[in-house]
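# Results of the structural survey
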Amino acid sequence: VHYGTVLALLPDDVQLRTNAINTLMEARALDEALTVSNEGLARVPNHPQLLESRGRLQLARGEHTQALVSFEQVLRQKPDDLHGLLGLGQAQDGLQRWSDALNTYEQLRACHPDDPRGTHNQLLMLQRLGRHAEAQKLYQELPDSLRLSPAVKTAFAHLVLDQQDTGQAETLYRELCQ
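Residues numbered from 1 in each chain as written. Predicted model: local features only at pLDDT ≥ 70, side-chain atom pairs only at ≥ 80, totals over all residues. Heavy atoms only, no water.

Moving on, we come to the pattern of salt bridges. Where charged atoms of side chains with opposite charge meet at close range, the side chains can pair. Inspection of the entire model under this criterion finds 14 salt bridges. Between arginine 128 and aspartate 93 there is a salt bridge, and its shortest N-O distance comes to 2.7 Å. Residue arginine 128 is found in helix α8 (residues 116-128), and its partner aspartate 93 is found in helix α6 (residues 82-94); the two are separated by 35 residues along the sequence. The salt bridge partner of glutamate 134 is arginine 131, with a shortest N-O separation of 2.8 Å. Glutamate 134 sits in the partly exposed class, given a relative accessible area of 36%. (Salt bridge = Lys/Arg side-chain N within 4 Å of Asp/Glu carboxyl O. Helix = DSSP H or I, 4+ residues; strand = E, 2+ residues; numbered from the N terminus. Buried < 20%, exposed > 50% of the residue type's maximum accessible area, 1.4 Å probe, protein only.)

Have a look at this one:
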């Protein structure tokens, strides 16, 4: 689909514009995606879906400070937004604001307790902060549905390896490969 043609016909369609941004990002056409994003926000200012797309695009471009602003704008409108919280944490991580990112992922887990991405990223932040015992306790207390999630198990395997327990790490990595 050539989005330029369709967007000319339906310039205010947020979902169409978001799909175009996502497709362009997948094709690594980041400059073109930014143009589509900026045009969308000019037409439909402060729309949370367009702000979230712009934030993800800014993360992909390595523009962590700008992404932080975009995700904060999303969260002002929708404080419990899953993608807004996830993106904010990723922007904070990219800026090496690991304590802030940890707080964001804790908030994500509180709002969306069944989504493994919050737990995965919380474990990674605890590891980066050197809070290994706290990360181990968190992992052990998780319900099976989260503990057995590949994303969560991978984060825990990295933590175990970081603690030089190569035997347990190898076991976890083998389980992930099955």
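As a further point, take the packing of aromatic side chains. For the coordinates displayed, the defined rule picks out one aromatic pair. Here the aromatic rings of tyrosine 139 and phenylalanine 156 are separated by 3.7 Å at their centres, their planes lie at 5°, and the arrangement is stacked. Highlighted residues: tyrosine 139 in helix α9 (residues 132-141) and phenylalanine 156 in helix α11 (residues 150-162), separated in sequence by 17 residues. Phenylalanine 156 matches tyrosine 139 in its accessibility class, with the two residues each being buried. (Phe/Tyr/Trp six-rings, centres within 6.5 Å; stacked < 30°, edge-to-face > 60°.)

With that settled, the discussion passes to the nonpolar core. Soluble globular proteins tend to bury their nonpolar side chains together. Tyr105, Leu108, Leu123, Met125, Tyr139, Leu142 and Phe156 are the most contacted members of the largest nonpolar core, which totals 31 residues. For this core, the secondary-structure elements that each account for two or more residues are α5 (64-77), α6, α7 (98-111), α8, α9, α11 and α12 (166-177). Counting residues per element, this core draws most heavily on α11, at six residues. Apart from the residues lying within four places of it in its own chain, the contact partners of tyrosine 139 are Leu123, Arg147, Val152, Lys153 and Phe156. By size, the runner-up hydrophobic cluster in this structure holds 17 residues, among which are Leu16, Ala20, Leu34 and Leu41. (Core = buried A, V, L, I, M, F, W, Y, C linked by side-chain atoms within 4.5 Å. Contact = heavy atoms within 4.5 Å.)

This part takes up unusual backbone geometry. For arginine 28, which is not a glycine, the phi torsion comes out positive at approximately 60°. Relative to the helices and strands, arginine 28 is located in the loop between α2 (14-26) and α3 (30-43). At asparagine 46, a position not held by glycine, the phi torsion is positive, near 60°. Relative to the helices and strands, asparagine 46 is located in the loop between α3 and α4 (48-60).

So, about the packing of α8 against α9. Following both chains from N to C, one finds α8 and α9 inclined at 160°, their axes separated by 8 Å at the closest point. As summarised for this structure, α8 and α9 are arranged roughly antiparallel, according to the angle between their axes. Two packed elements cross with a definite hand, and for α8 against α9 that hand is left-handed. Mapping the contact onto sequence places Gln122, Leu123, Leu126 and Gln127 in α8 and His132, Glu134, Ala135, Leu138 and Tyr139 in α9. Counted by class, the contact of α8 with α9 contains five nonpolar, three polar and one charged residues. (Axes fitted to C-alpha atoms, helices over the stretch in contact; angles between N-to-C directions. Parallel < 35°, antiparallel > 145°, perpendicular 65-115°, else oblique. Left-handed = near helix turned anticlockwise from the far one by under 90°. Nonpolar A, V, L, I, M, F, W, Y, C, P; charged D, E, K, R; others polar.)

Moving on, we come to α9. Those residues of α9 that sit buried are His132, Ala135, Leu138 and Tyr139. Buried residues of α9, viewed axially, fall in a sector of 125°; they line one side. Residues Ala133, Lys137 and Glu141 are exposed on α9 and point more than 90 degrees away from its buried face. On the buried face of α9, the contacting elements are α7, α8, α10 (144-147) and α11. (Arc of directions from axis to C-beta.)

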